[in-house]
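Breakdown of the fold
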Amino acid sequence: MRIRIKTRIFLLLSVLFLTSCIALAQSPTFDVEQQDALDLLKSLARSLKSEQDKIGAGVIQARIAKELWAFDEPFAREAFRWAFDGISQSKAGDLPKEKQASFIKSQATAVKDVLQSFGVHDSKQAAAWLKAFENERTSNTSAKRDSSRPDLFMQIAAQLALTDPEQASRLALVALSGDHIPEGFGTLLFTLGRNRRDLSDELFRAAIATLRRNNYVHDPAILILANYLFTSNGELHSTGNVADAQLLANYYVDAAWKQAGGDGNPVSSSSASFYTTLELRAVPIVSRYAPARLPELRGQMTRIASGLNSEQLQRTELLRTSQQQQAAVAGRYNYNIDEQIERAEKEKDPQVRDALFAGIAYAFMRQDADRALIIAKKIGDEKMRMSAEDDAYLIKVQQLLWSADSLAEAHKLSAKFSNHVFRAKILVQLAAKVWSRNKDQAQAIELLSEALNATAKGNDIPDKVLAQLQIVEQFAKFDSIRAFEVLGTAIATLNRLKPETEPVASPTAKPPLLKMVNFTVINGVEMTTANEATLASIDFREVRSLAPQDYIQAKLLASKLDQPLQRANYLTAVAASVLKPQKLTSSMPAK
């Protein structure tokens with residue numbers, strides 16, 4: 001009897017031991033790589049608090065917090081808070097003036113992204129953070145401490161315009177309570193105008209009040225306000241209202257009185273710029289919506305004009321010519337295609353002629369890419385012509401890939417792209433198509449090798465790094481050794497990139513009359529021929545399919561990255577690739 005009892009106890013203990021082993025094997029803590037990844041992510045989040053680039057560090061901390069939420073919610077909350085505080089408290093005041101606008105725009109984007117990521121898990125707390133951030137501006141001490149805060153609020157408002165228009169409007173009104181109209185106002189005004197005209201009209205009136213409060217000093221935003229209500233020839237948009245048109249017309253006349261100079265005295269550059277606005281936009285608006293005050297306006301314009309120097313007069317004439325050119329390009333839709341081509345061929349102004357031919361080519365691309373290519377070859381400006389041709393070739397590749405038998409033709413066509421880096425991206429998508437269709441490893445390797453050679457011919461730019469990382473992602477599907485080799489190449493390219501600088505615009509340079517950005521979907525990926533990637537857009541997501549195949553090797557490669565933030569970004573992607581939150585959540589009781 002005792003032997004039977006001992007046997008049963010032994011069997012029971014054996015079953016319990018076996019069960020506990022299985023549970024341990026299934027537990028995330030048993031996975032050595034996963035535990036190492038969790039520790040690595042937490043260590044990275046903490047170390048990023050000491051980084052000087054608070055915006056860059058905060059973006060990565062928020063990314064880490066998203067990955068850790070399913071494993072350690074308290075720590076993830078703390079990391080989100082570090083990210084938000086670091087980004088929102090950053091100051092642009094110490095930067096050169098030419099860099100402040102891009103800094104504030106990046107800061108606004110980062111604030112929005114952190115709040116959205118955190119809001120997925122706790123929307124009430126995210127809203128409370130934003131509200132507290134907004135309230136800081138209302139205190140006098142805060143306003144004195146950071147004069148760039150209105151610009152930041154306006155940029156955040158522009159980021160929120162589509163997802164939360166009412167919150168965006170509230171932030172914008174706070175931003176407009178100062179003495180100037182912050183950058184980003186135009187984007188916000190037109191975005192809200194398409195969806196919530198009531199909110200955008202309120203911002204329009206608030207902007208007029210801001211301009212008056214600033215003693216009518218010329219502000220480029222006055223052109224934004226005019227374009228919001230009127231067409232280029234002074235016609236009120238169907239969405240505009242007469243009361244707002246009258247408000248703007250009266251502002252023009254009041255501001256004209258406030259401009260100093262004239263009558264033998266020199267005119268400041270600000271007043272000269274405002275005079276140009278009066279000439280190009282104000283006269284037809286005032287004549288229609290404040291006709292009784294038109295003589296006032298003309299009298300003040302005569303006074304101001306008498307004080308303009310030759311350079312100021314030349315600039316006014318240059319802007320008038322530019323406006324006439326833009327009107328000529330905008331009017332192309334009044335003609336059929338053949339008439340447009342004939343009109344473009346007769347145009348004497350080369351800049352207008354190129355813009356007309358480009359507009360015709362892009363209008364034709366989707367329905368007849370071959371004819372669009374013929375028209376594009378008529379463009380005189382080499383850069384504009386090559387860009388239009390590349391966009392047409394991209395559409396032809398898309399159309400060829402609709403058929404399973406025309407991939408070879410698409411490969412042949414890819415050789416025509418003038419942009420080597422973009423050609424590499426196309427070859428990567430062709431390789432992905434080959435692998436997904438028939439697992440033809442030899443052909444995929446051929447295409448990816450050709451893509452790698454194409455990147456070698458391109459300049460060292462962020463798009464080149466992204467193209468090489470996309471090659472890594474495809475090689476990881478069937479050849480991890482080659483994938484790691486190309487990853488080393490991508491890291492070397494990244495190390496050679498110089499910090500991005502804000503281009504300095506020439507005061508005499510004229511903006512292009514027509515700028516076209518064409519998006520085309522290839523193999524499920526939205527692509528554009530323009531090289532628009534930035535260093536900040538490189539987040540190494542492409543290595544997430546490779547890193548689990550050799551976590552240690554992937555992790556060690558981080559030491560080859562020169563910049564600490566890029567190294568942290570890379571390690572975040574590597575660590576996230578081995579996390580398996582479904583194992584953790586499956587063993588936890590439902591809340």
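Residues numbered from 1 in each chain as written. Predicted model: local features only at pLDDT ≥ 70, side-chain atom pairs only at ≥ 80, totals over all residues. Heavy atoms only, no water.

Quick word on the overall build of the protein chain
For the protein chain, the count of helices and strands is 28 helices and 2 strands. Expressed as a percentage of its 591 residues, the buried residues of the protein chain come to 48%. Element-wise, carbon and sulfur atoms account for 53% of the exposed surface of the protein chain, whose accessible area totals about 29900 Å². (Helix = DSSP H or I, 4+ residues; strand = E, 2+ residues; numbered from the N terminus. Buried < 20%, exposed > 50% of the residue type's maximum accessible area, 1.4 Å probe, protein only. Areas by Shrake-Rupley, 256 points an atom, 1.4 Å probe, with all protein chains shown as cover.)

A few points about the confidence of the model for the protein chain
In low-pLDDT regions, the fine details of the predicted coordinates are not to be read closely. Summing up the model confidence of the protein chain, the mean pLDDT is 83 and the portion of residues at 70 or higher is 84%. Low pLDDT (under 50) marks residues 583-591, which in the prediction has 5 contacts with non-local residues, meaning those over four places away or in another chain. (pLDDT = per-residue confidence, 0-100. Contact = heavy atoms within 4.5 Å.)

Describing the pattern of salt bridges
A complete count under the given rule lists 26 salt bridges for this structure. A salt bridge links Lys346 to Glu342; the shortest N-O distance between them is 3.1 Å. With Lys346 and Glu342 both in helix H17 (residues 337-346) and 4 residues apart, the pair spans about one turn of that helix. Residue Lys346 is classed as exposed on the basis of its relative accessible area, which comes to 60%. (Salt bridge = Lys/Arg side-chain N within 4 Å of Asp/Glu carboxyl O.)

Let's talk about helix H3 (residues 54-68)
Under the 1.5 Å per step criterion, the end-to-end length of H3 is 20 Å for 15 residues, consistent within 8% with the ideal 21 Å. Summarising burial for H3: 11 of the 15 residues are buried, a large majority. Of the positions making up H3, those classed as buried are Ile55, Gly56, Ala57, Gly58, Ile60, Gln61, Ala62, Arg63, Ile64, Ala65 and Leu68. In the core, the buried residues of H3 are packed alongside helix H2 (32-47), helix H4 (73-88), helix H5 (97-119) and helix H27 (564-577). (Expected span 1.5 Å × (residues − 1).)

Side note on the nonpolar core
Membership of the largest hydrophobic core comes to 176 residues, with the highest contact counts inside it found for Leu188, Leu225, Leu248, Tyr252, Leu297, Leu487 and Tyr570. Residue contributions to this core peak at 10 residues, all from helix H22 (residues 420-438). Leaving out residues up to four positions away in the same chain, Leu248 has contacts with Phe204, Ile208, Ile222, Leu225, Ala226, Leu229 and Phe230. (Core = buried A, V, L, I, M, F, W, Y, C linked by side-chain atoms within 4.5 Å.)

Notes on the side chain of Gln468
Secondary-structure assignment places Gln468 in helix H24 (residues 462-475). A distance of 2.9 Å separates the side chain of Gln468 from the side chain of Thr493, its partner in a polar contact. (Polar contact = N/O pair within 3.5 Å; in protein donor to acceptor, adjacent residues only side chain to side chain.)

Quick notes on unusual backbone geometry
Positive phi, normally seen in glycine, also occurs at Tyr216, with a value near 65°. Positive phi, close to 55°, is recorded for Lys439, a residue that is not glycine. Mapping Lys439 onto the fold places it in the loop between H22 and helix H23 (441-457).

Quick look at the environment of Ala110
Positionally, Ala110 belongs in helix H5. Judged by relative accessible area, which is 4%, Ala110 ranks as buried. Considered as a pair, Ala110 and Ser88 are 22 residues apart in the sequence and their alpha carbons are 8.7 Å apart. Residues within four places of Ala110 in sequence aside, it is in contact with Ile55, Val59 and Ile87.

Some words on the packing of aromatic side chains
The full count for this structure, using the stated rule, is 17 aromatic pairs. Ring centres of Tyr216 and Tyr251 lie 5.4 Å apart, and the angle between their planes is 25°; this geometry places the pair in the stacked category. Of the two residues, Tyr216 sits in the loop between helix H11 (197-213) and helix H12 (221-229) while Tyr251 sits in helix H13 (residues 242-258), which places them 35 residues apart along the sequence. Residues Tyr216 and Tyr251 agree in their burial class; the two are buried. One aromatic cluster is present, formed by Trp69, Phe80, Phe84, Phe118, Trp129, Phe133 and Phe153 through successive ring pairs. Here the basic side chain of Lys49 rests over the ring of Trp82, its NZ or CZ set 4.1 Å away from the ring centre. Here Arg81 stacks its cationic end above the ring of Trp129, 4.5 Å away from the centre of that ring. (Phe/Tyr/Trp six-rings, centres within 6.5 Å; stacked < 30°, edge-to-face > 60°. Lys NZ or Arg CZ within 6 Å of the ring centre and 35° of its normal.)

Comments concerning the packing of helix H8 (residues 149-160) against helix H9 (residues 165-175)
Packing of H8 against H9 leaves a shortest axis separation of 8 Å and a crossing angle of 165°. Looking at the two axes, H8 sits roughly antiparallel to H9. Two packed elements cross with a definite hand, and for H8 against H9 that hand is left-handed. Every residue of H9 that contacts H8 at Pro150, Phe153, Met154, Ile156, Ala157 and Leu160 is listed here: Pro165, Gln167, Ala168, Leu171, Ala172, Val174 and Ala175. In terms of residue class, the contact of H8 with H9 is built from 12 nonpolar, 1 polar and no charged. (Axes fitted to C-alpha atoms, helices over the stretch in contact; angles between N-to-C directions. Parallel < 35°, antiparallel > 145°, perpendicular 65-115°, else oblique. Left-handed = near helix turned anticlockwise from the far one by under 90°. Nonpolar A, V, L, I, M, F, W, Y, C, P; charged D, E, K, R; others polar.)

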